[in-house]
Amino acid sequence: MNDAGDAPAARPADGPSQNNPSALAGAIAEVLRGGAVAALATLVESPHGVGAKMLVRTDGSRSGSLGDDALDESVAARAVVFLSARDEASTHRVGEFAPALGGWSAARVLFERVEPEPHVVVCGAGHVGAALARLARSLGYRVTLIDDRADFVTRGRFPDAGLALVAAADGWARAVRETVGAGRGVSVAVVTRGHNEDEECLRAVLEARPDYVGMIGSRRRTNIVLERLRESGVGEEFLRAVRAPVGLDIGAVTPEEVALSILAEIVAQRRGGSCAPLSSWRRL
Amino acid sequence: MSTIPQLELYRMIDEARSRGERVVVATVAHTRGSTPQRRGAKMLFFADGRTAGTVGGGCIEAEVWAEARETLRTGRAALHRFSLTADEASEEGMVCGGTMEIFIDVWDGKAVTGDR
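Residues numbered from 1 in each chain as written. Chains lettered and ligands numbered in written order. Predicted model: local features only at pLDDT ≥ 70, side-chain atom pairs only at ≥ 80, totals over all residues.

The secondary structure content of chain B amounts to 3 helices and 5 strands. Taken from the N to the C terminus, the helices and strands of chain B come in the order α-β-β-β-α-β-α-β. Across the 116 residues of chain B, 43% fall into the buried class. By sequence separation, contacts in chain B at least 24 residues apart represent 59% of the contacts at least 6 residues apart. (Helix = DSSP H or I, 4+ residues; strand = E, 2+ residues; numbered from the N terminus. Buried ≥ 20, exposed ≤ 12 C-beta atoms within 10 Å, placed from the backbone. Contact = placed C-beta atoms within 7 Å.)

This is the structure we're talking about:
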């Protein structure tokens, strides 16, 4: 059942600064805190011992080493390919991607995506916003809840310390812009109390272009907001990308059900889901 | 136990290491067929017996646990294969029926490459 062999430990340690796991853990934390993405490559099967690690950032820069310069080069190139796919982790034989490295062809490298968990930004702490923030937290996502009414975003209402609360004292635009940042890995659900507020929030994310932007409301009301944005010169591409009305059609009625419908759409966008029932393939 | 955010996971590894403790990290490296966890899922094992995260439920947990304990002792990282064939799975009333390769790794103060 478990046939892991004894890993031969033949290779002398390289420079300690290059392969210091502390330094690598620090480099990983830096990537995560900066909202960036990287690939962690680990030698998991090898005639020369296992466990060596190398972090490869999207710009190609690296920390650590697998213990061989030529191998590092090839693995760094493969890491870029890995990052362009959606996989969270995959394992590849060196011979698959670097046939020229004869001595390493049987070795296997585990590639893991290093990426901060998705950040769900909820604009509006009413019934739907509150339910959405709590549900997104239960999925392990980073969540920030924003409202311009300070008494709606209190620890009394949301005791979960992992849920970030923002009282937009200077108006929505600034709070939303600062929270969304560069927009990568960010999903924004606009569920404020009114359509003027919704419009302010949408304008605030125009530049950042988050991975997902949705706005709550009826077809008619959301169209009015989008039309106003169009008239003021907002580009078609952005308007088309806005999910309005927000969410999947699951017949949601209660605030909690609406929150589920929104979060299901956010998950599908992130993971590339079709949103069709899994049973739709059946013939019987 | 549920999925741990990555930043939290590496913070826990770093904290244990800064206390001079060894941390064993089990990662699902490869899966085939129906398995209880996704590739990349991680479970941490600390010297004081605490754990965090999961690499799958009842199917293989006891075996991973045993290997991780052994790794905490020896400090030797290795790739382990666990098969959850349909027969074995149904005998034990388990829902999965694939194979999983789990890399059981060691994060301690020593250099990562080479002999340990």
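Now that the structure has been shown, the text picks up again.
This part is about the environment of Arg184 of chain A. Residue and element names in this part refer to chain A. Among the secondary structure elements, Arg184 is positioned in the loop between α5 (172-180) and β9 (186-190). Residue Arg184 is classed as partly exposed on the basis of its 16 C-beta neighbours within 10 Å. Along the primary structure Arg184 and Val37 are separated by 147 residues, whereas in three dimensions their C-alpha atoms are 9.7 Å apart.

All names here are of chain A. At their nearest, the axes of α5 and helix α6 (residues 195-204) sit 8 Å apart, and the two run at 40° to each other. Comparing their axes, α6 and α5 come out oblique. Handedness of the α5/α6 crossing: right-handed. Note on element contacts: α6 touches α5 through Glu197, Glu200, Cys201, Arg203 and Ala204, opposite Trp172, Ala173, Val176 and Arg177. Among the residues making up the contact of α5 with α6, the classes are represented as 5 nonpolar, no polar and 4 charged. (Axes fitted to C-alpha atoms, helices over the stretch in contact; angles between N-to-C directions. Parallel < 35°, antiparallel > 145°, perpendicular 65-115°, else oblique. Left-handed = near helix turned anticlockwise from the far one by under 90°. Nonpolar A, V, L, I, M, F, W, Y, C, P; charged D, E, K, R; others polar.)

The subject of this paragraph is the nonpolar core. Formed by 59 residues in total, the largest nonpolar core has its most connected members in Ile28, Ala39, Ala41 and Val109 of chain A together with Ala26 and Ile102 of chain B. Counting 47 residues, the second largest nonpolar core, distinct from the first, contains Val205, Tyr212, Ala244 and Ile266 of chain A. (Core = buried A, V, L, I, M, F, W, Y, C linked by C-beta atoms within 7 Å.)

The subject of this paragraph is the domain arrangement of chain A. A common way to state how big an interface is: give the accessible area lost once the parts meet. If you check the domain split of chain A, you get domain 1 (21-114) and domain 2 (119-271). Between the C-alpha centres of domain 1 of chain A and domain 2 of chain A the distance comes to 36 Å. (Domains from an automatic or database assignment.)

Let's shift gears to helix α1 (residues 6-18) of chain B. Residues and elements named next belong to chain B. Given a rise of 1.5 Å per residue, 13 residues ought to cover 18 Å, and the 18 Å separating the end C-alpha atoms of α1 matches this to within 8%. Buried residues of α1: Gln6, Leu9, Tyr10 and Ile13, and no others. Buried residues of α1 fall within an arc of 90° about the axis and therefore sit on the same side. Facing away from the buried side of α1, by more than 90 degrees, are the exposed residues Glu15 and Ser18. (Expected span 1.5 Å × (residues − 1). Arc of directions from axis to C-beta.)

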